[in-house]
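Structure at a glance
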Amino acid sequence: MTGAVHPASIFLPVLAIVALTIIAFARMAVARARGTKESPRDPGYFRAFIGESEPEYAIVAVRHYGNLFELPTLFYAGCISAFVLGDVTCWSLGWAWAYVAARVVQSAVHLSYNKPVHRGLAFVVGVVCIAGLWVHVGMAVVGQL
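Residues numbered from 1 in each chain as written. Predicted model: local features only at pLDDT ≥ 70, side-chain atom pairs only at ≥ 80, totals over all residues. Heavy atoms only, no water.

Things to note about the packing of aromatic side chains
Aromatic ring pairs are described here by two measures, namely the spacing of the ring centres and the angle between the planes. One pass over the structure, following the stated rule, counts five aromatic pairs. When the ring of Y65 is compared with that of F69, the centres are 5.1 Å apart and the planes differ by 75 degrees; the resulting orientation is edge-to-face. Among the aromatic side chains, those forming a connected cluster through ring pairs are F25, Y65 and F69. Seen from the ring of Y57, R34 lies directly overhead, with NZ or CZ sitting 3.8 Å from the centre. (Phe/Tyr/Trp six-rings, centres within 6.5 Å; stacked < 30°, edge-to-face > 60°. Lys NZ or Arg CZ within 6 Å of the ring centre and 35° of its normal.)

Focus: the nonpolar core
Counting residues in each nonpolar core, the largest one holds 20 residues, and the members touching the most others are I10, I17, F75, C79, V88 and Y99. For this core, the secondary structure elements donating two or more residues are helix 1 (11-38), helix 4 (72-84), helix 5 (90-110) and helix 6 (116-144). Filtering out sequence-adjacent residues up to four positions away, F75 remains in contact with P13, V14, I17, A96, Y99, V100, I130 and L133. (Core = buried A, V, L, I, M, F, W, Y, C linked by side-chain atoms within 4.5 Å. Buried < 20%, exposed > 50% of the residue type's maximum accessible area, 1.4 Å probe, protein only. Helix = DSSP H or I, 4+ residues; strand = E, 2+ residues; numbered from the N terminus. Contact = heavy atoms within 4.5 Å.)

Considerations on helix 6
Note that an α-helix has 3.6 residues per turn; residues three or four places apart therefore point the same way. Spanning 29 residues, helix 6 covers 42 Å between terminal C-alpha atoms, matching the ideal 42 Å at 1.5 Å per step. Along helix 6, the residues that are buried comprise A122, G126, C129, I130, G132, L133, H136, V137 and A140. In this structure, the buried side of helix 6 is in contact with helix 4 and helix 5. (Expected span 1.5 Å × (residues − 1).)

What about the packing of helix 3 (residues 56-67) against helix 5?
Closest axis-to-axis distance for the helix 3/helix 5 pair is 11 Å, and the angle between their directions is 165 degrees. By the criterion of interaxial angle, the relationship of helix 3 to helix 5 is roughly antiparallel. Our pair here, helix 3 against helix 5, has a crossing hand that is right-handed. On the side of helix 3, the interface is formed by V60, R63, H64 and N67, while helix 5 contributes R103, S107 and H110. Across the contact of helix 3 with helix 5, the residue classes break down as one nonpolar, four polar and two charged. (Axes fitted to C-alpha atoms, helices over the stretch in contact; angles between N-to-C directions. Parallel < 35°, antiparallel > 145°, perpendicular 65-115°, else oblique. Left-handed = near helix turned anticlockwise from the far one by under 90°. Nonpolar A, V, L, I, M, F, W, Y, C, P; charged D, E, K, R; others polar.)

Here we look at a nonpolar patch on the surface
A grouping of F123, V124, V127 and V128 is seen on the molecular surface, where their side chains present a nonpolar patch of about 310 Å² in accessible area. Mapped onto the elements, V127 comes out in helix 6. On the accessibility criterion, V127 (34% relative accessible area) is partly exposed. (Patch = residues over 30% accessible without salt bridge, like charges linked within 9 Å, V, L, I, M, F, W, Y side chains within 5 Å. Areas by Shrake-Rupley, 256 points an atom, 1.4 Å probe, with all protein chains shown as cover. Salt bridge = Lys/Arg side-chain N within 4 Å of Asp/Glu carboxyl O.)

See the structure below:
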């Protein structure tokens, strides 16, 4: 490990994304409850999502929550890999925290004015951060062979 970085510090950005996911779940639950109250639908709708769709704000909240189980899985795996390899450095932490920042911006855009260009830019920055984290992990793997 290079630099004076405590290995467990890699789990601070992980906790931040976990917190963001919990917040997104709460927002989704509130949006769905509001949508069901404003426009009651057949409870069977939620079995296969066939029939009159939910209001747009509920659909956005549901999609946002689902997004947090897509690319962030690579983030979690990268952080855990850096920890297991004993290679938590300023670089791995920097990539991880940069990803958190990009993901928070993406979430803020998605759940507010939802301009796809802005949301997409934040997404691309997040992908670059994940790639940087994984290049760092890959170098650690090769360095230990």
